[in-house]
Amino acid sequence: MNPEELLQKIEKLEQENQNKREVMSLVAHELRTSLTAQKWMLSMFLDSDFGPITDEQKNALTQGFSQNEHLIEIVTDLINFSQNDDMHISYNIVEANLVSVVDAIIAEFSSESFKRGVPILFTKPQKEIIAHIDIDKIKILLENLFSNALKYSNKGEGVEVALTQDTKNINIIVRDHGIGIPEKEQEQLFGKFFRATNAKEKESVGSGLGLYTAYMIAKHHNGTLLCHSKESIGTTFTLVLPSTVS
């Protein structure tokens, strides 16, 4: 095979992969739309908007609502994966205040935090911390970290969030005191479709794409995602981004 034929074959394979990603993203978006509509319908029943319900009915609806939320998480992971797996995807980098970004994520998870009995404790810095980021993608990354921290914590245990900056790095730290990750499995943590064995036991439903997507987003920002974890003690994720301080 001459170089021109090889190049044509590579271009064809890249186009086929792109087409597959677009189809996956389209289908996942359609699924999420339907699942979200079902979620709000279930929520209305649980809130007795259609009249009073029995305890037995409430338990069944609550289980259905929980499974619906898990499915929405999986579909969202698939969408994010399809959008971020390509190393040449465009990023809309802007100047942003990370304190405001973290505040917005905490507000987004306030309902789940209350429902699970796992408070989110944010140690705010004394001043704004400015970074050059794609805000939407950093939100996707942080949503994955917050979701995992809440999901794998025990009731009554808080999730601690901190934001620091020095001349080299900005660090966003998310620490939980939950189930942790088995030491022998930690080297696989950011791989596609990986889920720790104890995570599967606690939450049976999951795609294993969330942390892979988060890691790729960090990499696209010339940063990295670090993890320190001990089984049955907890896990700390640190998003490290380049500092804008000179």
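Residues numbered from 1 in each chain as written. Predicted model: local features only at pLDDT ≥ 70, side-chain atom pairs only at ≥ 80, totals over all residues. Heavy atoms only, no water.

Draft legend 1. Structural context of the overall build of the protein. Scanning the protein for helices and strands turns up seven helices and seven strands. Classification of the 246 residues of the protein by burial places 42% in the buried group. Excluding contacts between residues fewer than 6 apart, the proportion of contacts in the protein whose partners are at least 24 apart in sequence is 71%. Looking at the protein as shown, the accessible area adds up to about 14,200 Å², and 53% of this sits on carbon and sulfur atoms. (Helix = DSSP H or I, 4+ residues; strand = E, 2+ residues; numbered from the N terminus. Buried < 20%, exposed > 50% of the residue type's maximum accessible area, 1.4 Å probe, protein only. Contact = heavy atoms within 4.5 Å. Areas by Shrake-Rupley, 256 points an atom, 1.4 Å probe, with all protein chains shown as cover.)

Draft legend 2. Expanded view of the sheet that holds strand β7 (residues 234-242). Reading across from one edge, β2-β4-β5-β7-β6 is the order of the five strands in this open sheet, with mixed pairing throughout. The open sheet has two edge strands with one neighbour each: β2 (120-123) and β6 (224-230). Each neighbouring strand pair of the sheet contributes to a mean axis angle of 15°, computed without reference to strand direction. The strands touched by helix α3 (residues 98-108) are β2, β4 (159-165), β5 (169-176) and β7; relative to β2, the strand with the most contacts, the crossing angle is about 170°. Where helix α7 (residues 210-220) meets the sheet, its contacts fall on β6 and β7, and the angle it forms with β6 comes to roughly 140°. (Pairing = 2+ DSSP bridges. Axes fitted to C-alpha atoms, helices over the stretch in contact; angles between N-to-C directions.)

Draft legend 3. Structural context of α7. Here α7 lies mainly inside the structure; nine of its eleven residues are buried. Along α7, the residues classified as buried are G210, L211, Y212, T213, A214, M216, I217, A218 and H220.

Draft legend 4. Region of the structure containing the pairing of β4. Here β2 runs beside β4; their pairing, made up of four bridges, is parallel. Directly across from F122, in β4, lies its bridge partner V161. Pairing analysis gives six bridges linking β4 to β5, with the strands arranged antiparallel. When the bridges of β5 are listed, V161 appears paired with V174. Taking the residues between adjacent antiparallel strands as the criterion, β4 and β5 are bridged by three residues.

Draft legend 5. The arrangement of the pattern of salt bridges in detail. A complete count under the given rule lists four salt bridges for this structure. Note that R116 and E112 form a salt bridge whose closest N and O atoms lie 2.9 Å from each other. Of the two residues, R116 and E112 both sit in helix α4 (residues 110-116), four residues apart, roughly one turn of that helix. Given the relative accessible area of 24%, R116 is considered partly exposed. (Salt bridge = Lys/Arg side-chain N within 4 Å of Asp/Glu carboxyl O.)

Draft legend 6. Representation of the packing of helix α5 (residues 135-151) against α7. The interhelical angle for the contact between α5 and α7, taken along N-to-C directions, is 140°, at an axis separation of 9 Å. Like other packed secondary-structure pairs, α5 and α7 cross with a definite hand, here left-handed. Contacts from K137, I138, I140, L141, N144, L145 and N148 in α5 reach G210, L211, T213, A214, I217 and A218 in α7. In terms of residue class, the contact of α5 with α7 is made up of eight nonpolar, four polar and one charged. (Left-handed = near helix turned anticlockwise from the far one by under 90°. Nonpolar A, V, L, I, M, F, W, Y, C, P; charged D, E, K, R; others polar.)

All we've got here are geometric facts, nothing functional implied.
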